[in-house]
Amino acid sequence: MKIYHNPRCGKSRQTLALIQESGRPVEIIEYLKAPPSESELKEIVNLLKIQPEDLIRKKEELFIKNCKGKRYSNDEWIKIMVENPILIERPIVVDGKRAIIGRPPENVRELLG
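About the criteria used
- Residues numbered from 1 in each chain as written.
- Predicted model: local features only at pLDDT ≥ 70, side-chain atom pairs only at ≥ 80, totals over all residues.
- Heavy atoms only, no water.
- Axes fitted to C-alpha atoms, helices over the stretch in contact; angles between N-to-C directions.
- Helix = DSSP H or I, 4+ residues; strand = E, 2+ residues; numbered from the N terminus.
- Parallel < 35°, antiparallel > 145°, perpendicular 65-115°, else oblique.
- Left-handed = near helix turned anticlockwise from the far one by under 90°.
- Contact = heavy atoms within 4.5 Å.
- Nonpolar A, V, L, I, M, F, W, Y, C, P; charged D, E, K, R; others polar.
- Buried < 20%, exposed > 50% of the residue type's maximum accessible area, 1.4 Å probe, protein only.
- Polar contact = N/O pair within 3.5 Å; in protein donor to acceptor, adjacent residues only side chain to side chain.
- Pairing = 2+ DSSP bridges.
- Salt bridge = Lys/Arg side-chain N within 4 Å of Asp/Glu carboxyl O.

(A) Here's a closer look at the packing of helix H2 (residues 38-48) against helix H4 (residues 74-83). Interaxial distance between H2 and H4 falls to 9 Å at its minimum, and their mutual angle equals 120 degrees. When the axes of H2 and H4 are compared, the pair comes out oblique. Here H2 and H4 pass one another in a crossing that is right-handed. Only Asp75, Ile78, Lys79, Met81 and Val82 of H4 make contact with H2, whose side of the interface consists of Glu38, Leu41, Lys42 and Val45. A per-class count over the contact of H2 with H4 returns five nonpolar, no polar and four charged.

Structure below.
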């Protein structure tokens, strides 16, 4: 199990705590320090069964300033997230061929059950 984690985010910390309480081993990836690659992001989007744009934090100042109201292809959104990982919704938990966004943190129970 992997968590794409931002330790400054309360929801991310809560989601990680739920995983740790379950006793499951977890790889913690601080994605702001080690952003996922394009291929990793494409795989995450596929596992989440969403479009890349749906993984964007639309209330983030960087999005509002640079992206709001603009149209991008799926590949362009992926590149934008790789170059600006602050725009990636968090936390993301991946377990094999399944993934969830931990908003709310209780969503992770789907993967722990």
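Next comes the rest of the write-up.
(B) Representation of the side chain of Asn6 within the structure. Residue position: Asn6 is located in the loop between strand E1 (2-5) and helix H1 (10-22). Judged by its relative accessible area of 6%, Asn6 is buried. A polar contact of 2.9 Å, which involves the side chain of Asn6, links it to the backbone nitrogen of Arg8. Residues in contact with Asn6, not counting those within four places in the same chain, are Ser12, Tyr31, Leu32 and Arg90.

(C) Examining the sheet that holds strand E4 (residues 98-101) more closely. A sheet is described by the order of its strands in space; here four strands give the open sequence E2-E1-E3-E4, paired in mixed fashion. Where the open sheet ends on each side, the last strands, each with one partner, are strand E2 (27-30) and E4. Adjacent strand axes in the sheet meet at a mean angle of 15 degrees, parallel and antiparallel pairs treated alike. Pairing analysis gives four bridges linking strand E3 (residues 92-95) to E4, with the strands arranged antiparallel.

(D) Summary view of the pattern of salt bridges. What the rule picks out here adds up to eight salt bridges. Glu43 is paired through a salt bridge with Lys97; the nearest N and O atoms lie 3.9 Å apart. Pair noted here: Glu43 is in helix H2 and Lys97 is in the loop between E3 and E4, with a separation of 54 residues, a long-range link. For Lys97, a relative accessible area of 68% translates into the label exposed. In this structure, Arg57 engages Glu60 in a salt bridge whose closest nitrogen and oxygen atoms are separated by 3.2 Å. In terms of burial, Arg57 and Glu60 fall into one category: buried. Each of Arg57, Glu60, Glu89 and Arg103 takes part in a single network of salt bridges with overlapping partners.

(E) Main features of unusual backbone geometry. The omega torsion of the bond from Arg90 to Pro91 falls at -10 degrees, within 30 degrees of zero and hence cis. Within the fold, Pro91 resides in the loop between H4 and E3. With an omega of 0 degrees, the peptide bond running from Arg103 to Pro104 counts as cis. For Pro104, the location among the structural elements is in the loop between E4 and helix H5 (109-112).

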